[in-house]
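Each chain, written out:
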Amino acid sequence: MLPIADGPMADVRDMYMAHTAMRREFTLLPGLVSDVTPGDVRRAEVVGAHAELMCRVLHLHHEGEDHVLWPKLLDRGGEETAAIVPAMEEQHHAIEKAHARVTALLPGWRATGRGGAELAEVLDRLLAVLLEHMRMEEKEILPLAEKYVTAAEWGQLGEHGLAKTPKKELPLVFGVMMYEGDPEVIETVLAEAPGPVRLLVPVLGRRLYARHARRVHGTATPPRVGT
Ligand SMILES: [Fe+2]
């Protein structure tokens, strides 16, 4: 077992922020897809591009947890984490399976506007496993992360997503996350970023998400799911 390094422990509030954003967008997705008139390629492209973006955000989020979080918890938490981490990994597999199905169906639907019913059904399935997973992660895993993972290590989760997201997409992704985010948490997430990024990204992110949401959801203020 590796000793836990000195220093502050993980501040996990950014995980709640990311989960809230995914809850909101994945909850709205099946309906968005079903509402597209078969053959309406233009609308399918708008909704499809959004679905693809959110699938990428989800995939990176879980990839980060697989690489950074589970190994540390298993290594340090003894019985406490051995009881729960395998269940989380299993849920990730189930989510990955539904996610792979969605990403396989997406290009065809975007190109033709046909096959939306099947895509909406798979998105529904993905939503069900994702919601249960995030609920369990918040209840069981986040308290363990606060106990066994340092703030510096926790930061690697965000860095993983940052490194793998195309730079030009980052402000919008940040806007998706920030929409229901607590200003204090947003400030903490950006604390390490260079000055201009810290000032610009919140303003740009909000503006980009409002524009994106108007196109995708028909409103700059889609229904909130957070507390
Ligand atoms: Fe998570």
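Residues numbered from 1 in each chain as written. Predicted model: local features only at pLDDT ≥ 70, side-chain atom pairs only at ≥ 80, totals over all residues.

Caption draft 1: Layout of the overall build of the chain. Broken down by element type, the chain carries 9 helices and 0 strands. Rg of the C-alpha trace for the chain: 18 Å, near the compact-globule value of 17 Å for 227 residues, within the 12% margin. In terms of overall dimensions, the chain has C-alpha extents of about 60 × 40 × 30 Å along its principal axes. Expressed as a percentage of the 227 residues in the chain, the buried residues total 34%. Restricting to contacts in the chain with at least 6 residues of sequence separation, those with at least 24 account for 82%. (Helix = DSSP H or I, 4+ residues; strand = E, 2+ residues; numbered from the N terminus. Rg over C-alpha atoms; globule rule 2.2 N^0.38 Å. Buried ≥ 20, exposed ≤ 12 C-beta atoms within 10 Å, placed from the backbone. Contact = placed C-beta atoms within 7 Å.)

Caption draft 2: Just the packing of helix H1 (residues 13-34) against helix H2 (residues 41-76), in detail. Close contact between H1 and H2 brings their axes to 10 Å; oriented N to C, the two are set at 145°. For the pair H1 and H2, the crossing hand works out as left-handed. In this structure, H1 contributes Ala 18, Met 22, Glu 25, Phe 26, Leu 29, Leu 32 and Val 33 to the contact, and H2 contributes Val 47, Ala 51, Met 54, Val 57, Leu 58 and His 61. Residue composition of the contact of H1 with H2, by class: 11 nonpolar, 1 polar and 1 charged. (Axes fitted to C-alpha atoms, helices over the stretch in contact; angles between N-to-C directions. Left-handed = near helix turned anticlockwise from the far one by under 90°. Nonpolar A, V, L, I, M, F, W, Y, C, P; charged D, E, K, R; others polar.)

Caption draft 3: Representation of the nonpolar core. Counting 41 residues, the largest nonpolar core has Leu 29, Val 33, Leu 119, Leu 123 and Met 177 as its most contacted members. Looking at this core, the elements that each hand over two or more residues are H1, H2, helix H4 (85-112), helix H5 (116-148), helix H7 (170-178), helix H8 (183-190) and helix H9 (195-217). Per element, the largest residue contribution to this core is 10 residues, and it comes from H1. Here Leu 29 is in contact with Ala 51, Met 54 and Leu 123, once residues within four sequence places are set aside. The next biggest cluster of nonpolar side chains, apart from the first, holds 12 residues, and it includes Leu 73, Met 88, Ile 141 and Leu 157. (Core = buried A, V, L, I, M, F, W, Y, C linked by C-beta atoms within 7 Å.)

Caption draft 4: Summary view of the environment of Gly 39. You can see Gly 39 is positioned in the loop between H1 and H2. When the C-alpha atoms of Gly 39 and Gly 116 are compared, they prove to be 9.5 Å apart, with 77 residues separating the residues in sequence. With residues near it in sequence (within four places) discarded, Gly 39 still touches Gly 113 and Arg 114.

Caption draft 5: Inspection of the packing of H1 against H5 at higher detail. The geometry of H1 relative to H5 is characterised by a closest axis approach of 9 Å and an angle of 160° between their N-to-C directions. As far as their axial angle goes, H5 and H1 are roughly antiparallel. The interaxial crossing formed by H1 with H5 has left-handed handedness. Facing Met 15, Tyr 16, His 19, Met 22, Arg 23, Phe 26, Thr 27, Leu 29, Pro 30, Val 33 and Ser 34 of H1, the residues of H5 in contact are Gly 116, Leu 119, Ala 120, Leu 123, Asp 124, Leu 126, Leu 127, Leu 130, Leu 131, Met 134, Glu 138 and Leu 142. Classifying every residue of the contact of H1 with H5 gives 16 nonpolar, 4 polar and 3 charged. (Parallel < 35°, antiparallel > 145°, perpendicular 65-115°, else oblique.)

Caption draft 6: Expanded view of the environment of Val 149. With respect to the helices, strands and loops of the structure, Val 149 is situated in the loop between H5 and helix H6 (151-164). Note: C-alpha distance between Val 149 and Pro 8 (141 residues apart in sequence) is 9.1 Å. Sequence-distant contacts of Val 149, defined by excluding residues within four places in its chain, comprise Met 9, Ala 10, Leu 69, Lys 72 and Trp 154.

Distances and angles like these do not, on their own, reveal function.
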